[in-house]
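Per-entry structural report
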Amino acid sequence: MTQTIDISSYSTITDAIRSEARRILSDSTVSAVIGYTAGRRKGSTQPIVITTADDADQLIFTAACLNDLVVYLTKAKKDVPKSGRIGIVVKGCDLKALVGLLGESQLKRENLYLIGIPCSGVLGSLLKPSAELTTETIASKCCECSDQLPVGCDFVPTVTPAPLPDLEKRYANEIARLEAMTPSERWEFWKEQFSKCIKCYACRQVCPFCFCEQCLCDRNRPQMVEQTPRPSGNTAWHLVRAMHLAGRCAGCAECERVCPMDIPLNLLNRKMAKELKELFNSEAGFEVRDTGPLTSYREDDDQSFIR
Amino acid sequence: MHVDKQKHTFEPKIIAFVCTWCTYAGADLAGTSRMQYPSNVRVLKFPCTGRIDPVFIIKAFQQGADGILISGCHPGDCHYIAGNYHARRRFAAFRKLLEFIGVDLNRIQFSWVSAAEGGKWVEVVTDLTERVRAMGPMVEFKDLVLEEQWSGNLNNPELQAVYEAM
Ligand code: SF4
Ligand code: SF4
Ligand code: FES
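As a starting point, this report considers the structure included with it.

Conventions used here
- Throughout this document, residue positions are counted from 1 along each chain, in the order its sequence is written.
- A letter from A marks each chain and a number from 1 marks each ligand, given out in the order of writing.
- Local features in a predicted model are, by the rule used here, given only for residues with pLDDT of at least 70; side-chain atom pairs are given and counted only at 80 or more, and totals for whole chains, interfaces and linings are based on all residues.
- In computing side-chain properties, one takes all heavy atoms of the structure into account and sets aside hydrogens as well as water.
- Secondary structure elements are defined from DSSP: runs of H or I of at least 4 residues count as helices, runs of E of at least 2 residues count as strands, and each element is numbered from the N terminus.
- Only protein chains enter the accessibility calculation, which uses a 1.4 Å probe; a residue whose area is less than 20% of its type maximum is buried, one above 50% is exposed, and one in between is partly exposed.
- In what follows, a contact means two residues having at least one pair of non-hydrogen atoms within 4.5 Å.
- The globule rule is 2.2 Å times the number of residues to the power 0.38, and the radius of gyration it is compared with is taken over C-alpha atoms.
- Surface accessibility follows the Shrake-Rupley procedure with a 1.4 Å probe radius. Residue values consider only the protein chains on display as shielding.
- The charge count includes Lys and Arg as positive and Asp and Glu as negative, but it does not include His or the ends of the chains.
- Taken as the charge location is NZ of Lys, CZ of Arg, CG of Asp or CD of Glu.
- Strands are treated as partners if at least two bridges between them are detected by DSSP.
- Axis definition: a line fitted to C-alpha atoms, limited for helices to the stretch in contact. Angles are taken between N-to-C directions and run from 0 to 180 degrees.
- Here's the idea: put two parts together, see how much 1.4 Å probe accessible area each one loses, and the total over both is what we call buried area.
- For this analysis, a salt bridge means a side-chain nitrogen from Lys or Arg found within 4 Å of a carboxyl oxygen belonging to Asp or Glu.
- For this analysis, a polar contact is any N or O atom pair within 3.5 Å, provided that within protein one partner can donate a hydrogen and the other can accept it, and provided that sequence-adjacent residues contribute only side-chain to side-chain pairs.
- Near is defined per residue: the residue qualifies when any heavy atom it owns lies within 4 Å of the molecule or strand.
- By convention, orient the strands away from the viewer: a clockwise path from the first strand over the helix to the second makes the crossover right-handed.
- Nine residue types can take part in a nonpolar core, namely buried Ala, Val, Leu, Ile, Met, Phe, Trp, Tyr and Cys, and a core is a set of them joined through side-chain atoms within 4.5 Å.

With that settled, the discussion passes to the overall build of chain B. What chain B contains, in helices and strands, is six helices and four strands. Order of helices (α) and strands (β) in chain B, N terminus to C terminus: β-α-β-α-β-α-β-α-α-α. In terms of principal-axis extent, the alpha carbons of chain B reach across some 65 × 45 × 20 Å. Within chain B, buried positions represent 49% of all 166 residues. In chain B, of all internal contacts separated by at least 6 residues, the share reaching a separation of at least 24 is 82%.

Printed below as a string of structure tokens:
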């Protein structure tokens, strides 16, 4: 049964973000605040970077605030971080990505002012941005989120998010469904999915962790991955992407949201996260770690698969 | 004293990714000791198992490998101290990914073969070759490559009409 999700706190949160942004901009704690503002279509939102206290009233927080804004802090988008201490609005999932980047020395905590959102969930898609947030329209990532309250931020509006109703664990269920298939059924499933890819690289562009100056998949001397959007190169791209994000992906699911071809990209990342948790008891969280599961080792790691 | 070479209908292509310090030397020892092992294996030498990127394995499959061997120094013996520990984790993860997209893990073997273990090299290579031979050719990635050249349906009515007219 479809249930409405209580997001009455979002207007209080919006007010709190605005006054905090106004404060930190007017006393020059930060030189800019990255947040959300209303988009052109009714109900939609878009990222905004504000630099004056007067603009603080443009900031909003609604169930249509899907973007993981952390991507604007990475090397790939050089201009924003260069301008001194930056304020940024983060939901729990976004914060996990930011923490991952701190761990990878891509960001410095002292250069950031984190405005955390006590989150009750966001929409799964912006196609209908003014849709009501319900157990149907809520994003899949929110259904499996255990981090509604961000930890370690400089400012968090004092509201307690209403507890979420029971939600179907869509990713976990889909992973389990695939795991129960035979290998050739799985191959057919992924072949179909990967063949849809048009290599627009929106998934890479939106990923906070794909900050490489030159992606392996763009190199042609030697060429490791066929670049044209054809089945073989697509499969290779998705495997490389899954491997490069394994142990790093924070589960913000932005890749999947932006994919114009509706490829269930985050399934691969979540499957890898699940395996790495089982193998090495390591997962993305709010605590900064210098090394991830695939950049560290233990001498007694399992090697039952090695002869 | 050559044993009569058995004839098989299918000779699998096995690509072995080995580190130069242990397994390559081990394979070399097998050779200089005149031990026999299947010539199906093509050895690619790397500085260390830590240098073996999962993308190499994808590429090998695309280019026609039926089975893959990845082999290096035993834990504790890596020339670069920890390369094989890192590789061990990376491949533990990569196996799970391959399994999840539907690759049969029996086509991939990992092993530690030291410079002194010519015999172990022979065993590992022989077992893998026979296992893969029994499984038959690895078609999945190759099919994708074929589609890369031609994505149209080969038995569509238009082509069928052309064939029939010929
Ligand atoms: S796919 Fe890998 S190489 Fe490419 S940008 Fe992402 S992390 Fe970097
Ligand atoms: S966003 Fe989708 S279509 Fe674009 S490259 Fe990524 S997977 Fe392919
Ligand atoms: S040198 Fe052999 S595994 Fe590192």
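What follows is about the overall build of chain A. If you tally the helices and strands in chain A, you get nine helices and five strands. Listed by position from the N terminus, the elements making up chain A come as α-β-β-β-β-α-β-α-α-α-α-α-α-α. Since a compact globule built from 307 residues should have a radius of gyration of about 19 Å, the 20 Å found for chain A is in line with a globular shape. Taken along its principal axes, the extent of the C-alpha atoms in chain A is 60 × 45 × 40 Å. Expressed as a percentage of the 307 residues in chain A, the buried residues total 52%. Expressed as a percentage of contacts within chain A between residues at least 6 apart in sequence, the contacts between residues at least 24 apart total 72%. Surface exposure of chain A reaches about 14,100 Å², of which carbon and sulfur atoms provide 49%. Where the 38 positive side-chain charges of chain A centre and where its 39 negative ones centre are 5 Å apart.

Residues and elements named next belong to chain B. The sheet built from four strands is open, its strands ordered S2-S1-S3-S4 with parallel pairing. Every other strand in the sheet has two partners, leaving strand S2 (41–46) and strand S4 (108–112) as the edge strands with one partner each. Averaged over all pairs of adjacent strands, the angle between strand axes in this sheet comes to 20°, irrespective of strand direction. Of the pairings in the sheet, the one linking strand S3 (residues 67–72) to S4 comprises five bridges and is parallel in character. Within the sheet, the bridge partner assigned to Leu69 lies in S4 and is Gln109.

Below, the discussion takes up the interface of chain B and chain A. The interface is formed by 42 residues belonging to chain B together with 47 residues belonging to chain A. The junction of chain B with chain A conceals about 4,100 Å² of combined surface from both sides, 66% of it contributed by carbon and sulfur atoms. Linking chain B to chain A there are four salt bridges. Where Glu123(B) meets Arg307(A), a salt bridge forms, and the shortest distance between an N and an O atom there is 3.5 Å. Across the contact surface, chain B and chain A share 16 residue pairs in polar contact (both at pLDDT 80 or more). Counting residues per element, the ones that place at least two in the side of chain B that touches chain A are helix H2 (54–62), helix H3 (83–101), S4, helix H4 (118–135) and helix H5 (140–149) of chain B.

The next subject is the site of ligand 2. Looking at ligand 2, there are 14 residues lining it, with Cys197(A), Cys200(A), Tyr201(A), Cys203(A) and Cys259(A) nearest. Of all the elements in the fold, those that place two or more residues in the shell around ligand 2 are helix H6 (202–206) and helix H7 (231–245) of chain A.

Turning to the pattern of salt bridges, a few remarks are in order. Residues and elements named next belong to chain A. Evaluated as defined, the whole model comprises 22 salt bridges over all chains. Its salt-bridge partner being Glu275, residue Lys271 comes within 2.6 Å of it at the nearest N-O pair. You can see Lys271 and its partner Glu275 sitting in helix H9 (residues 265–280), four residues apart, about one turn around the helix. Of the two residues, Lys271 and Glu275, both sit in the buried class.

Turning next to the pairing of strand S5 (residues 112–116) of chain A. Residues and elements named next belong to chain A. Of all five residues in S5, five are buried, a share of seventy percent or more. The alternating pattern of S5 places Leu112, Leu114 and Gly116 and Tyr113 and Ile115 on opposite faces, both of which are buried. Note: strand S4 (residues 86–90) against S5, five bridges, orientation parallel. In the strand pairing of S5, Ile88 is matched with Leu114. Chirality of the crossover, the property in question, places the unit of S4, helix H2 (residues 92–103) and S5 among those that are right-handed.

For the rest of this paragraph, the subject is the nonpolar core. By size, the foremost hydrophobic cluster in this structure holds 65 residues, and its most contacted members are Trp190(A), Phe17(B), Ile57(B), Ile68(B), Phe91(B), Ile101(B) and Phe141(B). If one sorts the elements of this core by residue count, H3(B) sits on top with nine residues. In this structure, Ile68(B) is in contact with Ile15(B), Phe17(B), Ile57(B), Ala60(B), Phe61(B), Arg107(B), Ile108(B), Gln109(B) and Leu128(B), ignoring residues within four places of it in sequence. Listed in part, the 64 residues of the second largest apolar core include Ile13(A), Leu73(A), Leu112(A) and Cys249(A).

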